[in-house]
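# Summary of structural features
Below, each chain spelled out in residue letters.
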Amino acid sequence: MARMLIVFDDASTHEPLRTLLMHSGHLVHTVTTAAAALGLCGNTQIDLMITELILPDLNGIELLKRLPSPTPVIILTRYPEHRSAVEAMKAGARDYLAWPCDEADLLAAVRQALGQPHTGDVHALPDRDAKIPPEVIVSAQTASLWQMIVRIAKSPLIKTILIQGETGTGKELVAKALHDGSPRCAHPFIPLNAAALSDHLFESELFGHERGAFTDAKAAKSGLCELADRGTLFLDEIGDMPLSLQAKLLRFLETGTFRRVGATRETQVNVRIVAATNRPLEQDVAGGRFRADLYYRLRSVPLTVPPLRERPAEILPLMQRFLSQAAVAAGVPAPQMSRQAIDALQRYPWPGNVRELKHLAEAMLIVLPQGQAEVCLEHLPDALRTTHTIMSTPESCQSLASAERVHIDRVLARVHGNKTQAAHLLGISRQTLRVKLRDGNGAALRLVS
């Protein structure tokens, strides 16, 4: 039995809610103002609060922020709005529901907020949290990010999410966690590289086409939006999408409807769109390379994945995990890291982030002499050893950007200026490498492509 508090200014609403919750075995208090709720919470242990968004003296989100102790809160509103849902989830609300709502949905939200298992009701939402992938080690730097992911994943009102971060930080892992921890988890998660679609293929790939819509359209085809219905569509590298295609995507985001190529009627779907980019979209908007209306539509819930260099506490645990995974695949014992090798890993700027670290772990098992049980400094690539030497020199005060650029230049020189090979070794895309070279001092720009 849980002790609950209902906060509604309309006393007539209390009775059906109170009856429903009492029949579910809970002890229920009711008040009509935020002030009364704060007074009761100050003197009584409340296990769950259900409050209306609009109250006579304070809105439900402000009430949540002023609670004297952490209390799970579900916010109900007669006027559901995307912006309010986002604000509520950021403030720590467990759920945000339109009122009146289905009794089964409300009870499912109550069980979820209380951490109780579900009883098998087909109307109940899945009782799942966004799972942290094994490739991510949560440190102080990323703990708040994953707490936000858990909250956002569960909200049925949040339909668009923008994940920002450098190449290789794990943006697709975040997108998958948002899907796996959501009520959509039983439906498809479909990833798509937005930059890979040409104008000609975009509509057909995303929205599908009818038979005979164009040459070679010998049969009707469902687009990815249809296939992802009730699930999640992950649009990676959204910042590289051509302007001509951005308007078509915006219309779909605004209406939730589309028309197959060659079709005469529109189709409605329920899809959560998670977009990701390694580009500074604010600058692209200012430069006219990305539509401002699409940007603001996507970033209603922005998440930023920090680069690996900003979470150094995760470098060694990740390296050990990747070494163990690679060792299992190769059928050999996992080696340990020497103190000097660990120091070099932590001093290195990791321009390719977690992806580069994983590639390094796999390469270590190849270069390590047979029978060697420890990865030493001499087994690491030149770039890591050089960074270790530079940063260990007392008179050196090289900036992070300079150290990264030195490493990129050395890798380019090693592959005779081939940017495609250099990008692969760095664990970044060729486009990201071009951006880093363009933003640098130009020393490597003279090398051949």
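Quantities reported herein were computed from a predicted structural model and do not represent experimental measurements.

The rules behind each value
- Along each chain, the written sequence defines residue order, and numbers are assigned to residues from 1.
- In keeping with the predicted nature of the model, local features appear solely for residues at pLDDT of at least 70, side-chain atom pairs appear and are counted solely at 80 or more, and the whole-chain, interface and lining totals rest on all residues.
- With hydrogens and water set aside, each side-chain value is computed from the structure's full complement of heavy atoms.
- Here a helix means four or more residues in a row that DSSP labels H or I, a strand means two or more in a row labelled E, and each is numbered from the N terminus.
- Only protein chains enter the accessibility calculation, which uses a 1.4 Å probe; a residue is then buried when its area is under 20% of its type maximum, exposed when over 50%, and partly exposed in between.
- The contact definition used throughout considers only heavy atoms, calling two residues in contact when any of these lie within 4.5 Å.
- Computed with the Shrake-Rupley method and a 1.4 Å probe, the accessible areas treat only the protein chains shown as cover for residues.
- What counts as an axis is a line fitted to C-alpha atoms, over the stretch in contact for a helix, and the angles between N-to-C directions run from 0 to 180 degrees.
- For classification purposes, an angle smaller than 35 degrees is called roughly parallel, one larger than 145 roughly antiparallel, one from 65 to 115 roughly perpendicular, and anything else oblique.
- Take the far helix as the reference: if the near one is turned anticlockwise from it by less than a right angle, the crossing is left-handed, and if turned clockwise, right-handed.
- Amino acids outside the nonpolar list (Ala, Val, Leu, Ile, Met, Phe, Trp, Tyr, Cys, Pro) and the charged list (Asp, Glu, Lys, Arg) are all regarded as polar, and Gly is one of them.
- Within 6.5 Å between ring centres, the rings of Phe, Tyr and Trp (the latter by its six-membered ring) count as paired, and their orientation is classed by plane angle as stacked under 30 degrees, edge-to-face over 60, tilted in between.
- Whether a charge lies above a ring is judged from NZ of Lys or CZ of Arg, which has to be within 6 Å of the ring centre and within 35 degrees of the ring normal.
- Between any two strands, at least two bridges found by DSSP are needed for them to pair.
- Distance and chemistry together define a polar contact, namely a pair of N or O atoms within 3.5 Å, with one atom able to donate a hydrogen and the other to accept it when in protein, and with adjacent residues in sequence counting only for side-chain atoms on both sides.
- Residues belong to a common nonpolar core when they are buried Ala, Val, Leu, Ile, Met, Phe, Trp, Tyr or Cys residues joined through side-chain atoms within 4.5 Å.
- We define a salt bridge as a side-chain nitrogen of Lys or Arg found within 4 Å of a carboxyl oxygen belonging to Asp or Glu.
- Read the arc as the range of directions from the helix axis to the C-beta atoms.
- Think of pLDDT as the predictor's per-residue confidence, scored from 0 to 100.

### Concerning the overall build of the chain
- Broken down by element type, the chain carries 19 helices and 16 strands.
- Here the chain holds 449 residues, and 48% of them are scored as buried.
- Excluding contacts between residues fewer than 6 apart, the proportion of contacts in the chain whose partners are at least 24 apart in sequence is 68%.
- Accessible area of the chain: about 21,000 Å², with a carbon and sulfur share of 51%.

### Points about the packing of helix H13 (residues 315–330) against helix H15 (residues 353–367)
- Two elements in contact, H13 and H15, have axes separated by 9 Å at closest approach and are oriented at 45 degrees. Viewed along their axes, H13 and H15 adopt a mutual orientation that is oblique. Handedness of the crossing formed by H13 with H15: right-handed. Contacts between H13 and H15 pair Ile315, Leu318, Met319, Phe322, Leu323, Gln325, Ala326, Ala327 and Ala330 from the former with Val354, Leu357, Lys358, Leu360, Ala361, Glu362, Met364 and Leu365 from the latter.
- Of the residues belonging to the contact of H13 with H15, the class tally is 14 nonpolar, one polar and two charged.

### Focus on the packing of aromatic side chains
- The full count for this structure, using the stated rule, is seven aromatic pairs.
- With 6.1 Å between their ring centres and 65 degrees between their planes, phenylalanine 252 and phenylalanine 258 make a pair best called edge-to-face. No difference in accessibility class separates phenylalanine 252 from phenylalanine 258, as the two residues are buried.
- Members of the aromatic cluster, joined through ring pairs, are Phe202, Phe207, Phe252 and Phe258.
- The lysine or arginine in question, lysine 176, covers the ring of phenylalanine 189, its NZ or CZ lying 5.6 Å from the ring centre.

### A closer look at the sheet that holds strand E6 (residues 160–164)
- One open sheet accounts for five strands, arranged E7-E10-E13-E6-E14; its pairing is parallel. Since the sheet does not close on itself, it has two edges, and those belong to strand E7 (189–193) and strand E14 (302–304), each with one partner. Each strand of the sheet is rotated relative to its neighbour by a mean of 20 degrees, with strand direction disregarded.
- In this sheet, E14 lies alongside E6 in parallel orientation, the contact comprising three bridges. Along E14, the bridge assignment pairs isoleucine 163 with leucine 303.

### Comments concerning the sheet that holds strand E2 (residues 27–31)
- Read across the open sheet, the five strands follow the order E2-E1-E3-E4-E5; overall the sheet is parallel. Looking along the sheet, the strands with just one partner apiece sit at the ends: E2 and strand E5 (95–98). Neighbour-to-neighbour, the strand axes of the sheet open up by a mean angle of 20 degrees, direction not taken into account.
- Here strand E1 (residues 3–7) pairs with E2 via five bridges, running parallel. Pairing of valine 7 across the sheet is with valine 31, part of E2.
- In this fold helix H2 (residues 34–43) packs onto E1, E2 and strand E3 (48–52), with an angle of close to 165 degrees to the strand it touches most, E1.
- Relative to E5, helix H5 (residues 103–114) is tilted by about 170 degrees, and along the sheet it contacts E1, E3, strand E4 (73–77) and E5.

### Describing the side chain of histidine 179
- With respect to the secondary-structure elements, histidine 179 resides in helix H7 (residues 171–180).
- Look at histidine 179 and you get buried, because its relative accessible area is 2%.
- A polar side-chain atom of histidine 179 sits 2.8 Å from a polar atom in the side chain of threonine 232.
- Other than its neighbours up to four places away in sequence, histidine 179 contacts Arg184, Cys185, His187, Pro188, Phe189, Gly231 and Thr232.

### Digging into the nonpolar core
- Counting residues in hydrophobic clusters, the biggest one holds 31 residues, and the most contacted among them are Leu206, Leu233, Ile238 and Leu249.
- Contributing elements (two or more residues each) for this core: E7, helix H8 (199–207), helix H9 (224–227), strand E10 (232–236), helix H10 (243–255), strand E13 (272–277), helix H11 (281–286) and helix H12 (292–298).
- Formed by 25 residues, the second largest nonpolar core is a distinct cluster that contains Leu308, Leu323, Ala361 and Leu380.

### Regarding the packing of H8 against H10
- H10 packs onto H8 with a crossing angle of 20 degrees between their chain directions and a minimal axis gap of 10 Å. The orientation of H8 with respect to H10, classified from their angle, is roughly parallel. Considering how the two elements wind past one another, H8 and H10 form a crossing that is right-handed. Residues Asp199, Phe202, Glu203, Leu206 and Phe207 of H8 form the contact with H10, whose own contacting residues are Ser244, Leu245, Lys248, Leu249 and Phe252.

### With respect to the pattern of salt bridges
- As enumerated under the stated definition, the model contains 16 salt bridges in all.
- For aspartate 180, the salt bridge identified is with lysine 176, shortest N-O distance 2.9 Å. Here the residue aspartate 180 and the residue lysine 176 both occupy positions in helix H7, the gap between them amounting to four residues, near one helical turn.
- The exposure class of aspartate 180 is buried, given its relative accessible area of 18%.
- The shortest N-O distance in the salt bridge between arginine 347 and aspartate 343 comes to 2.8 Å.

### Focus on helix H14 (residues 339–347)
- All of the buried residues along H14 are Ala341, Ile342, Ala344 and Leu345. Take H14 and look down its axis: the buried residues cluster within an arc of 160 degrees, on one side only.

### Let's talk about the confidence of the model for the chain
- The pLDDT averaged across the chain works out to 81; a share of 86% of its residues lies at or above 70.
- No element of the chain has a lower mean pLDDT than helix H16 (residues 382–392), at 64, and none a higher one than E13, at 95.
- Note that pLDDT drops below 50 for residues 117–127; the model gives that stretch 25 contacts with residues more than four away or on any other chain.
- In the model, residues 390–398 has pLDDT below 50 throughout and makes eight contacts with residues more than four positions away in sequence or in other chains.

### Focus on unusual backbone geometry
- One non-glycine residue, arginine 230, lies in positive phi territory at about 70 degrees.
- As for its position among the elements, arginine 230 is in the loop between H9 and E10.

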